[in-house]
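Each chain, written out:
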Amino acid sequence: MEKVTPADLDRHRSAQFSTWVSVAVNIGLSLLQIAIGLYANSRALIADAVHSLSDLLSDFVVLFANRHSRKGPDADHPYGHLRYETAATLAIGVLLILVGLGMVWNAVTALQDPGSIAPVHPAALLVAFIALCGKELLFRYMLRVAKRVRSTMLVANAWHARSDAASSLVVSLGVLANLAGLPLADPLAASIVGLMILRMGWKFSIGAFHDLTDRAVDHDTEQRIAALLRETPGVQGIHELRTRKLGDMIWVEVDLEMDGSLTIAQGHAIAVLARERVMQAEPVLDVMTHFDPVEPKPPSAGA
């Protein structure tokens, strides 16, 4: 039976609760923005509402992935289901790209026909400001939770909320400029929002894609893992160190060089110690080791 640690349980509960908070905030803001956007003739505010709706979709993607990524290894997934989180991050990125493209297209269409742009009602400015404050507070809350439980999936969802907060700022400025007598400012703000969302979507999509194709961890993390292995008592050297991401965790494979005169039991004990040292210091799921016999190192001078 799979053992669920308190840390795993806390991670799951935190992800669930923070995501449901995001769902509630996005539902409220979406309804408010759509209603006032239609009433106030603001393309930018309606675009911001569509962005909020995309947040809702990403929230449900996160809930789905969070539920399934907790499953342990089985016959079809011998390494577990942690890559559900990476797939969810990729889905959020693709969603952002699609939403951004739609916003840019609609805004450019409006800019090509300035006569179709209706004056914006001042109510749009108040709602844009409310959305800005709400999204910024949501971002700060979600990012704090994501960092505490070390979840890249929750980090992606938190930055999605920040991109919405940034878009609400742009919308506020666009509506303000429209009210000041610049009618093109509203659709221009909508196009800027679209470009911001495109950039964020690309960032998450390409990162998740690389993780799904077994990209190694960054150089600094790999060097820390290598140092922990080399400094393990009984390990004389390492080679063939390989890493890959599984969700937010790291899978490590390495060949350990040990004194060839050791017994199998002694070599096994050293390998177990090396594995434990790495897993305690880094977010490593497992360390697969193979040990190679070498000539024992001569004692250092003065030893």
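Scroll up to find the structure this text is about.
Bear in mind that the values here come from a model prediction, so they are computed numbers and not experimental data.

Visitor: Sorry if this is basic, but what is going on with the overall build of the chain here?
Guide: Counting secondary structure elements, the chain contains eight helices and three strands. Going from the N terminus to the C terminus, the chain shows its helices and strands as α-α-α-α-α-α-α-β-β-α-β. Counting only residues that meet the buried cut, the chain has 47% of its 303 residues in that class.

Visitor: Any chance you could explain helix 7 (residues 219–230) here in plain terms?
Guide: Given 3.6 residues per helical turn, the α-helix brings residues three or four places apart onto the same face. Helix length check: helix 7, at twelve residues, gives a terminal C-alpha distance of 16 Å against a target of 16 Å (1.5 Å per residue), a fit within 8%. Three or more residues of helix 7 are buried, namely Thr221, Ile225, Ala226, Leu228 and Leu229. The buried residues of helix 7 occupy an angular sector of 160° when projected down its axis, which confines them to one face. Of the residues in helix 7, the exposed ones pointing more than 90 degrees away from the buried face are His219 and Asp220. On its buried face, helix 7 sits against strand 1 (237–246), strand 2 (249–259), helix 8 (264–281) and strand 3 (284–294). Where helix 7 begins, the side chain of aspartate 218 points an oxygen toward the backbone nitrogen of aspartate 220, at a separation of 3.2 Å.

Visitor: Would you mind going over the sheet that holds strand 2 with me for this structure?
Guide: Remark on secondary structure: sheet strands pair via backbone hydrogen bonds, oriented parallel or antiparallel. Strand order in the open sheet made by the three strands is 1-2-3, with mixed pairing throughout. The two strands at the open ends of the sheet, each matched to only one other strand, are strand 1 and strand 3. Going from strand to strand, the sheet's axes swing by 15° on average, the running direction of each strand aside. Against the sheet, helix 7 engages strand 1, strand 2 and strand 3, with an angle of about 135° to strand 1.

Visitor: Before we go on, may I ask you to explain the pattern of salt bridges in this structure?
Guide: Close approach of charged atoms allows side chains of opposite charge to pair. Under the criterion given, the structure shown has seven salt bridges. A salt bridge links arginine 242 to glutamate 253; the nearest nitrogen and oxygen atoms lie 3.4 Å apart. Of this pair, arginine 242 sits in strand 1 while glutamate 253 is found in strand 2, placing the two residues eleven residues apart along the sequence. Among the ionic contacts, a cluster of salt bridges with common partners joins Glu240, Arg242, Arg244 and Glu253.

Visitor: I would appreciate a short explanation of the packing of helix 7 against helix 8 in the present structure.
Guide: Packed helix pairs are specified by the crossing angle of their axes together with the interaxial distance, meaning the distance between the axes. Here helix 7 crosses helix 8 at 145°, and the two axes come no closer than 9 Å. Between helix 7 and helix 8 lies a crossing of right-handed hand. Contacts from Ile225, Leu228 and Leu229 in helix 7 reach Ala274, Arg277, Val278 and Ala281 in helix 8. The residue inventory of the contact of helix 7 with helix 8, partitioned by class, reads six nonpolar, no polar and one charged.

Visitor: Even after reading the chapter, I still don't get the pairing of strand 2, so can you show me in this structure?
Guide: Along a regular strand, successive side chains alternate from one face of the sheet to the other. In terms of residue burial, strand 2 counts as a mostly covered element, since eight of its eleven residues are buried. Two strands pair when backbone bridges link them, and strand 1 and strand 2 are joined in this way by eight bridges, in the antiparallel orientation. From the neighbouring strand, threonine 243 faces strand 2, where its bridge partner is valine 252. As judged from the ten bridges shared by strand 2 and strand 3, these two strands associate in the parallel manner. When the sheet's bridge partners are listed, isoleucine 250 is paired in strand 3 with valine 284.

Visitor: Explanation requested: the side chain of glutamate 282 in the structure shown.
Guide: Relative to the assigned elements, glutamate 282 resides in the loop between helix 8 and strand 3. For glutamate 282, the side chain forms a polar contact with the side chain of arginine 224, separated by 2.7 Å.

Visitor: Please explain a nonpolar patch on the surface as it appears in this structure.
Guide: Taken together, the side chains of Leu32, Leu126 and Ile130 make up a nonpolar region of the molecular surface, amounting to roughly 250 Å² of accessible area. Residue position: leucine 32 is located in helix 1 (residues 6–40). Given the relative accessible area of 33%, leucine 32 is considered partly exposed.

Visitor: I keep staring at the packing of aromatic side chains and nothing clicks. Help me out?
Guide: Two numbers describe a pair of aromatic rings. These are the distance of the centres and the angle of the planes. Counted under the stated rule, the structure contains one aromatic pair. Looking at lysine 203, its charged tip hangs above the ring of tryptophan 159, at a distance of 5.9 Å from the centre.

Here is what the cut-offs are and how they apply
- Residues numbered from 1 in each chain as written.
- Predicted model: local features only at pLDDT ≥ 70, side-chain atom pairs only at ≥ 80, totals over all residues.
- Heavy atoms only, no water.
- Helix = DSSP H or I, 4+ residues; strand = E, 2+ residues; numbered from the N terminus.
- Buried < 20%, exposed > 50% of the residue type's maximum accessible area, 1.4 Å probe, protein only.
- Expected span 1.5 Å × (residues − 1).
- Arc of directions from axis to C-beta.
- Contact = heavy atoms within 4.5 Å.
- Polar contact = N/O pair within 3.5 Å; in protein donor to acceptor, adjacent residues only side chain to side chain.
- Pairing = 2+ DSSP bridges.
- Axes fitted to C-alpha atoms, helices over the stretch in contact; angles between N-to-C directions.
- Salt bridge = Lys/Arg side-chain N within 4 Å of Asp/Glu carboxyl O.
- Left-handed = near helix turned anticlockwise from the far one by under 90°.
- Nonpolar A, V, L, I, M, F, W, Y, C, P; charged D, E, K, R; others polar.
- Patch = residues over 30% accessible without salt bridge, like charges linked within 9 Å, V, L, I, M, F, W, Y side chains within 5 Å.
- Areas by Shrake-Rupley, 256 points an atom, 1.4 Å probe, with all protein chains shown as cover.
- Phe/Tyr/Trp six-rings, centres within 6.5 Å; stacked < 30°, edge-to-face > 60°.
- Lys NZ or Arg CZ within 6 Å of the ring centre and 35° of its normal.

On their own, these measurements won't tell you what the molecule is for.
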